[in-house]
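Chain by chain, the residues run as shown.
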Amino acid sequence: GDARAGDASSSSRRGVSPASADLARSRQVTLFLVLMSLAVFFIYGTSAGLSRVIMLTVPMQTRPFALALQTLGLHLFGDVPSPVIIGAVKDSLAPHCGIVFGNDTASGCGGADLGHLNPQCAASPEDVRGLHLTIWIAVLWSIWAVVLWAAAFGLLLRRARRIGEGAAASGSG
């Protein structure tokens, strides 16, 4: 069966026209894309600052190596394992919320099913709670990253003040 047809018939039963349901869905997609774009902008906006800090704190002859280590660390501890970890958390908290495959001729793909969300997911309050908890875990982890970044920035400022005070003291003596 076609999930969109099911959505349209349930929308009609609730007194909502399929056109207004499509408009609401379109607004949700737009809001999602705007918020996701902002998130990506702010997440990747910090990489220039991190590179600058490394270049200011590492001796010139070892800067290329330090920047290479930064890139390796970002991938090794960030974008490589995070989808696997979040996927494992989601699978344990919402086991029925995966992609299912089957013969779906109504999808407009000529019978080739590219996969769709398991319909049992929305029917299970435990799975819905599990999805919400998974999202909260990811958000809180991101907040933890911001806290650690702020702490590192504070330590860097303190170190810069000490170096500046030491240079001023040695220059005045």
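None of these values were measured; they are calculated from a predicted model.

Requested: an account of the state of the cysteines, with residues and values cited.
Inspection of the entire model under this criterion finds one disulfide. The disulfide partner of Cys-97 is Cys-121, and the S-S distance across this bridge is 1.9 Å. Taking the sign of the S-S torsion, about 85 degrees here, the bridge from Cys-97 to Cys-121 comes out right-handed. Taken together, the residues Cys-97 in the loop between helix H4 (81-93) and strand E1 (99-100) and Cys-121 in helix H5 (residues 120-123) connect sequence positions 24 residues apart. By the burial criterion, Cys-97 is buried, and Cys-121 matches it.

How would you sum up the side chain of Asn-118? Please name residues and give values.
Mapped onto the fold, Asn-118 is located in the loop between strand E2 (116-117) and H5. At a separation of 3.0 Å, a polar atom in the side chain of Asn-118 contacts the main-chain amide nitrogen of Gln-120. Excluding residues that lie within four positions of it along the chain, Asn-118 makes contacts with His-96, Gly-98 and Val-100.

Residue-level account of the pattern of salt bridges, with values.
A complete count under the given rule lists two salt bridges for this structure. Two residues, Lys-90 and Asp-91, come together in a salt bridge whose shortest N-O distance is 2.8 Å. A relative accessible area of 16% means that Lys-90 is categorised as buried. In this structure, Glu-126 and Arg-129 form a salt bridge, with 3.9 Å as the shortest nitrogen-oxygen distance. Here Glu-126 and its partner Arg-129 are both found in helix H6 (residues 125-172), three residues apart, which amounts to about one turn of the helix. Residue classification places Arg-129 among the exposed positions, given a relative accessible area of 52%.

Scoring rules and cut-offs
- Residue positions are given per chain, counting from 1 as you read along its sequence in written order.
- Owing to the predicted nature of the model, reporting of local features is limited to residues with pLDDT of at least 70; listing and counting of side-chain atom pairs is limited to 80 or more, with chain, interface and lining totals taken over all residues.
- No hydrogens and no water enter the side-chain calculation; it runs on all heavy atoms of the structure.
- Throughout, a disulfide means two cysteine sulfur atoms within 2.5 Å of one another.
- Secondary structure elements follow DSSP: runs of H or I no shorter than four residues count as helices, runs of E no shorter than two count as strands, and numbering proceeds from the N terminus.
- Using a 1.4 Å probe on the protein chains alone, a residue whose accessible area is under 20% of its type maximum counts as buried, one over 50% counts as exposed, and one in between counts as partly exposed.
- We call two N or O atoms a polar contact when they sit within 3.5 Å, provided that within protein one can donate a hydrogen and the other can accept it, with sequence-adjacent residues counted only if both atoms are side-chain atoms.
- By definition in these notes, contact holds between two residues if any of their heavy atoms fall within 4.5 Å.
- Criterion for a salt bridge: a side-chain nitrogen of Lys or Arg within 4 Å of a carboxyl oxygen of Asp or Glu.

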